[in-house]
Protein chains: 2
Amino acid sequence: MGTLRDLVVATRDAARTLANADAATRTVGLEALAARIRESAQTLRDANEIDLKNAEAAGLAPAMIDRLRLTPKVIEQMAVGALQVAALRDPVGEVVDVGVRPNGLRVKKMRIPLGVVLVIYESRPNVTVDAAALCIKSGNAVVLRGGKEAFESNRALAAIIGDSLQAAGLPRAAATFVPTPDRDALADLLTFDELIDVVIPRGGEGLIQFVTERSRIPVLRHAKGVCHVFIDKDADLAMALEICYNSKVERPGVCNACETVLVHKEVAEAFLPAFFGKLSRARVTFRADSRARALVPAMDAAATDDFGREFLALTVAVAVVDDLDAAIAHIARYGSNHTESIVTRNESTARRFQREVASSLVAWNASTRFNDGFELGLGAEIGISTTKLHAFGPMGVSELTAQKWVVDGDGQVRE
Amino acid sequence: MGTLRDLVVATRDAARTLANADAATRTVGLEALAARIRESAQTLRDANEIDLKNAEAAGLAPAMIDRLRLTPKVIEQMAVGALQVAALRDPVGEVVDVGVRPNGLRVKKMRIPLGVVLVIYESRPNVTVDAAALCIKSGNAVVLRGGKEAFESNRALAAIIGDSLQAAGLPRAAATFVPTPDRDALADLLTFDELIDVVIPRGGEGLIQFVTERSRIPVLRHAKGVCHVFIDKDADLAMALEICYNSKVERPGVCNACETVLVHKEVAEAFLPAFFGKLSRARVTFRADSRARALVPAMDAAATDDFGREFLALTVAVAVVDDLDAAIAHIARYGSNHTESIVTRNESTARRFQREVASSLVAWNASTRFNDGFELGLGAEIGISTTKLHAFGPMGVSELTAQKWVVDGDGQVRE
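Residues numbered from 1 in each chain as written. Chains lettered and ligands numbered in written order. Predicted model: local features only at pLDDT ≥ 70, side-chain atom pairs only at ≥ 80, totals over all residues.

Caption draft 1: Summary view of the overall build of chain A. Counting its secondary structure elements, chain A contains 15 helices and 16 strands. Computed over the C-alpha atoms, the radius of gyration of chain A is 24 Å, within 12% of the 22 Å expected from 2.2 N^0.38 for a compact globule of 415 residues. Its C-alpha atoms give chain A principal-axis dimensions of about 70 × 65 × 35 Å. Buried positions account for 54% of the 415 residues belonging to chain A. (Helix = DSSP H or I, 4+ residues; strand = E, 2+ residues; numbered from the N terminus. Rg over C-alpha atoms; globule rule 2.2 N^0.38 Å. Buried ≥ 20, exposed ≤ 12 C-beta atoms within 10 Å, placed from the backbone.)

Quick look at the structure:
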């Protein structure tokens, strides 16, 4: 076996072949992947069993072990996911006319793959398939670097991905599995800026920070979501209650779940008791500022760092604010540019909130949970970017491409 | 005076004000800037005189000193440049309809400023004005970090920019000049990833590398241009000659000038002598491979590193290639993803070249010199990106914005 660099050089070479393969060939590869995942269920479960045993021996928390487990349902979901990605519209080669210049040059833009994508992820082995499928669909070669807990599962999945590419006549090296889970190897990978075009880290804050500090390669960050719902004075309070409930309770462990509810002072007295009642029946706990506690003393007092905190749990911070400006200022100070929602009947208030809040999605009268590739019509996503560069919000197959300029002339030269 | 971090915190706060200012106010600021540059010509020349004296005392090369000089012409060009930027279409707030989802959610995308842009540049003081104007137009606050040679000139220009912002009722801190030219301060700035949204380094390879290695902030790189012209077997050779001449000779010191000419073997004998004749009369020197020298022995032999080299001078590398595939492979190996051009009468050959060459601009029958914001209709540019992320090619005001999702509902929640 060669060095890590040799592996990535081979990936780089394979990237050119993959980028120039036609859409049908890439689709065949993804369909082969779905079929092979189903056929290899037992092989995958055997590999997964090793990871599970190691995890138990290492004393991992049951919730962590649960994330690792390749159940028949998870395996079938991976196969279905690969087919869903195969069925997406192909972004590669898409041409947009820009126009004709005064000198007669015909200017267009064409979508091309980014090249080589390094995906770094933690415990869930299904990310191996999801990420590879999105990269293959968008014509990108991928370097897969999963967490050590899922190492055997990831290796087995990567072998299946390689087989599927080969079956479609594509180079195996277009999906390269990093054969070591240690951080030194990761640190090395992050210096290969002449071989890798973009890094997508998916995981906890520690991983994101490690990658941000070390990488010479551009990073598309899927960072934390500290999402806010603001209940304006002109809100339909029944609607506000449903939106808060859905944003907080439906799936509290995800990045687009609500972490803080801000309530306009003029409706706080009418809203907060019902809010407290409905959410506490769903076993939500509260971290409230003094103005909110003055109205509902049963809520716990917020600590200084509860605003701006991603609880990822059935806990919500609550504050009463003076007006729209105070809500926008609170979000600018404590938010993470992920998702915010305003509930109001007043369109001009909503428009100002949507204009001035610089988050990747700003909703009016809707749950924060809609910041999601499927919900917005992109199909599967490789993450939700909270940095404004390149992609802001869900990243689907289009976000894994670039646009180059294509110019047709008749011998034009510059004066 | 506070610390460097205090300055950038103030810039961050000013960014919100600037982003929410209306287009007319930002335009007033830019018009004030043009007027003040003209009024302050003497002040600027006095400041510049200090830099010029220091540069002479330090023994800088005459070409470097020339770049530093604020002549009346350069000063007038800065004023005109600010007015041109003021007249560009405003990208901020632009809304694109994406569609209505099955659940009735109305989905749009809205352009917003990136936030705070750190521009790092070297000798030319006019970059202070050009970069600030583009940032102000696109609603971004800017941190300006120029080279030490132009320190006094840059400081004087930055004061004028601050005055102009203030005259328009905008915060002075929306354009912040880094009051120290040392690299330690720059290294610190590059760790302020919670305050700065993007770094744009403009300068030599040493600077770009320093920034790439140190920055925790996303970098938009304007890196080197190793641009190729490929003369296909079906080329109009007279057209090919004009395109090579213009691409190489018109302005050899810029990034979109041609560095290497590749000639199909079937036309090499017909093309190379005329090529040699015309370009050598313009005092071009040649670095040719053995196949080219076999046809025109008067050309110097290329050294191993002459392919892939950015001469930025009246020097051109020349190679004879077997076919289109060999030309594409040569560019993939030695190119810098900047600009390439094919000369051919055969449309399908041109289309394959344009599809398979992954450069920011791929021209057919046109000079490489057209990879430029003005020539492509973007107006002024802050650089030409050779990384595929966010922007690939010229970066104008639109490329200094992001698109966020804006979603309008009627109380939708996620099932």
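Here the narrative resumes.
Caption draft 2: Up close: the confidence of the model for chain A. With 100% of its residues at a pLDDT of 70 or more, chain A shows a mean pLDDT of 96. Model confidence for the complex: the whole-complex pTM is 0.93, and ipTM, which rates the interface, is 0.94. (pLDDT = per-residue confidence, 0-100.)

Caption draft 3: Quick look at the sheet that holds strand S3 (residues 116–121) of chain B. Residue and element names in this part refer to chain B. In space, the four strands of this open sheet follow the order S5-S4-S3-S6, with parallel pairing throughout. In the strand order of this sheet, the two ends are held by strand S5 (175–177) and strand S6 (198–202), each with one partner. Within the sheet, the average angular offset between the axes of one strand and its neighbour, ignoring direction, is 20°. Bridging between S3 and S6 involves five bridges; their strand directions are parallel. When the bridges of S6 are listed, Val119 appears paired with Ile200. Taken strand by strand, helix H1 (residues 4–20) contacts S3, strand S4 (141–145) and S5, and its axis lies near 145° from that of S4. (Pairing = 2+ DSSP bridges. Axes fitted to C-alpha atoms, helices over the stretch in contact; angles between N-to-C directions. Contact = placed C-beta atoms within 7 Å.)

Caption draft 4: Looking closely at helix H10 (residues 237–249) of chain A. Between the first and last C-alpha of H10 of chain A there are 18 Å, a value that for 13 residues agrees with the 18 Å anticipated at 1.5 Å per step. Turning to H10 of chain A, its buried residues number three or more, namely Met239, Ala240, Ile243, Cys244, Asn246, Ser247 and Lys248 of chain A. (Expected span 1.5 Å × (residues − 1).)

Caption draft 5: Looking closely at the domain arrangement of chain A. Segmentation of chain A into domains returns domain 1 (4–220 + 395–406) and domain 2 (227–375). The straight-line distance from the C-alpha centre of domain 1 of chain A to that of domain 2 of chain A is 35 Å. (Domains from an automatic or database assignment.)

Caption draft 6: Spotlight on the environment of Arg345 of chain A. All names here are of chain A. Relative to the assigned elements, Arg345 resides in the loop between strand S12 (339–343) and helix H14 (347–356). Given 13 C-beta atoms within 10 Å, Arg345 falls into the partly exposed group. Remark: the alpha-carbon pair of Arg345 and Asn365, spanning 20 residues in sequence, is separated by 8.4 Å. Contacts of Arg345, omitting those with residues within four sequence positions, involve Asp234, Ala235 and Asp236.

Caption draft 7: Inspection of the interface of chain A and chain B at higher detail. Facing the 61 residues of chain A at the interface are 60 residues of chain B. With five bridges joining them, strand S16 (residues 401–412) of chain A and strand S13 (residues 361–366) of chain B adopt parallel strand pairing. The residue bridging Val407 of chain A from the neighbouring strand is Ala363 of chain B, located in S13 of chain B.

Caption draft 8: Fine view of the relation of the copies chain A and chain B. The transform that puts chain A on chain B rotates by 180° and translates by 0.0 Å along the axis, for an RMSD of 0.0 Å. On this basis, the relationship between the two copies can be described by a two-fold rotation axis. For chain A, the residue whose C-alpha comes nearest the rotation axis is His390 of chain A, separated from it by 1.7 Å. Interface residue correspondence from chain A to chain B reaches 98%, placing this contact among same-surface, isologous pairings. (Least-squares fit on C-alpha atoms with pLDDT ≥ 70 in both.)

Caption draft 9: Summary view of the sheet that holds strand S2 (residues 106–113) of chain B. The 10 strands are arranged S10(A)-S9(A)-S11(A)-S8(A)-S7(A)-S12(A)-S13(A)-S16(B)-S2(B)-S1(B) in an open sheet whose pairing can be described as mixed. Each edge of the open sheet is held by one strand with a lone partner, namely strand S10 (300–301) of chain A together with strand S1 (95–100) of chain B. Bridging between S12 of chain A and strand S13 (residues 361–366) of chain A involves four bridges; their strand directions are parallel. Counterpart to Thr339 of chain A in the pairing with S13 of chain A is Leu361 of chain A. The strands touched by H10 of chain A are strand S7 (227–231), strand S8 (258–264), strand S11 (315–321), S12 and S13 of chain A together with strand S16 (401–412) of chain B; relative to S12 of chain A, the strand with the most contacts, the crossing angle is about 165°.

Caption draft 10: Region of interest: helix H14 (residues 347–356) of chain B. Within the sequence span of H14 of chain B, burial applies to Thr349, Ala350, Phe353 and Gln354 of chain B. Angular distribution of buried residues about the axis of H14 of chain B spans 130°; they occupy a single face of the element. Away from the buried face of H14 of chain B by more than 90 degrees, exposed residues Glu347 and Ser348 of chain B are located. Residues of H14 of chain B that are buried make contact with S16 of chain A together with strand S7 (227–231), helix H13 (324–334), strand S12 (339–343) and S13 of chain B. (Arc of directions from axis to C-beta.)

Caption draft 11: Region of interest: the pairing of S6 of chain B. Of all five residues that make up S6 of chain B, five are buried, and the element is covered over most of its length. Both faces of S6 of chain B are covered, namely the face carrying Val198, Ile200 and Arg202 of chain B and the face carrying Val199 and Pro201 of chain B.

Caption draft 12: Structural view of the pairing of S3 of chain B. Residue and element names in this part refer to chain B. Of all six residues making up S3, six are buried, and the element is well covered by its neighbours. What you see with S3 is no split at all: Val116, Leu118 and Ile120 on one side and Val117, Val119 and Tyr121 on the other are buried throughout. Across five bridges, S3 lies against S4 in parallel orientation. Bridge pairing links Ile120 to Arg145 in S4. Read from S3 through helix H6 (residues 126–137) to S4, the crossover connection turns out right-handed. (Right-handed = clockwise from strand over helix to strand, strands pointing away.)

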